[in-house]
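What the coordinates show
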Amino acid sequence: MYSIIDTHCHLDIIEEQGLTIEQSLRNAKESGIKKIVQIGIDLESSVKAKGLSQKYSEQDLEIFYSIGCHPTESHEFPKKEEILSFVKENISDSRLCAIGEIGLDYYHDASKKAEQADILHSFLNASGEYKLPVVIHSRDAGEDTVSILKEHRDHAFGVIHCFTYDYSIAKRLVDLGYYISFSGILTFKNARDIQEAAEKLPLECMLIETDAPFLAPPPFRGKRNEPAYTKFVLEKMFSLRKEPNAEVERSLFLNSEKFIQRKPFHHA
């Protein structure tokens, strides 16, 4: 059985789509999932994420969480200070592993670019202040994402989740000190740019995730995703890398543990 960490999922939304959290976690354990990061997308879900980490963590499957404000949740932008206060209140909680998800999304709403950037700057400042990694959501906003992260390169750090760009952007993000996390999109036949990035990047800068319940890999594409399916992302990574499978599995696990332990990736 594999040893895997799902570094980004939404157990609460999975449950809303019909699969109980208890069943999700049973399935995850059967697939070799050892740790899960439950992601906050607004104040309410961040509070819920903390609760899930407290309720469901076990010795053989630990739940960690993040506190964030998704760029498409613009109705939450006025709660920025409340969300930042919630980060500060929980900074000593070892299960809080990141600020996020935060970022830029021009696919769903390009009309609020300035507001998205303002929120992102605030949370990147918090990353430096609290020594917490950020979980960056970036869709159709590659150049602006690189530009803003470059402004904060001396203090903010973290991961680019659900990477959807090409190797050239990945390389620039890694050079800024960010992990690159690959989701089920990596397994899609038409995802050649993303697969090339996974082939060429240093193994030590990569993570894997599901972003469940979204982006289920084949043979479940188009259906509800869950943490148990992280193994399909891992197996696709095996096919793309030149290193032995055991080395790929071990490195991705150790990288993910570093991220959960709030340790930055430093490019050599």
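If you're wondering where the values come from, they're calculated on a predicted model, not measured in any experiment.

What follows concerns the sheet that holds strand 6 (residues 158-160). The eight strands are arranged 1-2-3-4-5-6-7-8 in an open sheet whose pairing can be described as parallel. Two strands bound the open sheet, and with one partner strand each, they are strand 1 (4-9) and strand 8 (206-208). Across the sheet, the mean angle separating the axes of adjacent strands is 30° when strand polarity is ignored. Pairing of strand 4 (residues 96-105) with strand 5 (residues 134-139), which is carried by five bridges, proceeds in the parallel orientation. Across the sheet, Ile102 pairs through a bridge with Ile136, a residue of strand 5. Strand contacts of helix 3 (residues 43-56): strand 2 (33-38) and strand 3 (62-67), with the helix running at about 165° to strand 3, the strand carrying the most contacts.

A few words now on the UniProt feature "binding site: a divalent metal cation 1" (unreviewed entry) in the chain. This chain's UniProt record puts "binding site: a divalent metal cation 1" (unreviewed entry) on His8, His10, Glu101 and Asp211. Judged by maximum C-alpha separation, these annotated positions cover 204 residues in sequence but sit close together in space, the widest gap being only 11.0 Å. With respect to the helices and strands, the residue His8 is situated in strand 1. Residue His8 is classed as buried on the basis of its relative accessible area of 1%. Filtering out sequence-adjacent residues up to four positions away, His8 remains in contact with Val37, Ile39, Glu101, Val135, His161, Glu209, Thr210, Asp211 and Ala212. We classify Asp211 as buried; its relative accessible area is 9%.

Calculation rules
- Residues numbered from 1 in each chain as written.
- Predicted model: local features only at pLDDT ≥ 70, side-chain atom pairs only at ≥ 80, totals over all residues.
- Heavy atoms only, no water.
- Pairing = 2+ DSSP bridges.
- Helix = DSSP H or I, 4+ residues; strand = E, 2+ residues; numbered from the N terminus.
- Axes fitted to C-alpha atoms, helices over the stretch in contact; angles between N-to-C directions.
- Contact = heavy atoms within 4.5 Å.
- UniProt positions renumbered as here; feature names shortened; annotations may be inferred.
- Buried < 20%, exposed > 50% of the residue type's maximum accessible area, 1.4 Å probe, protein only.

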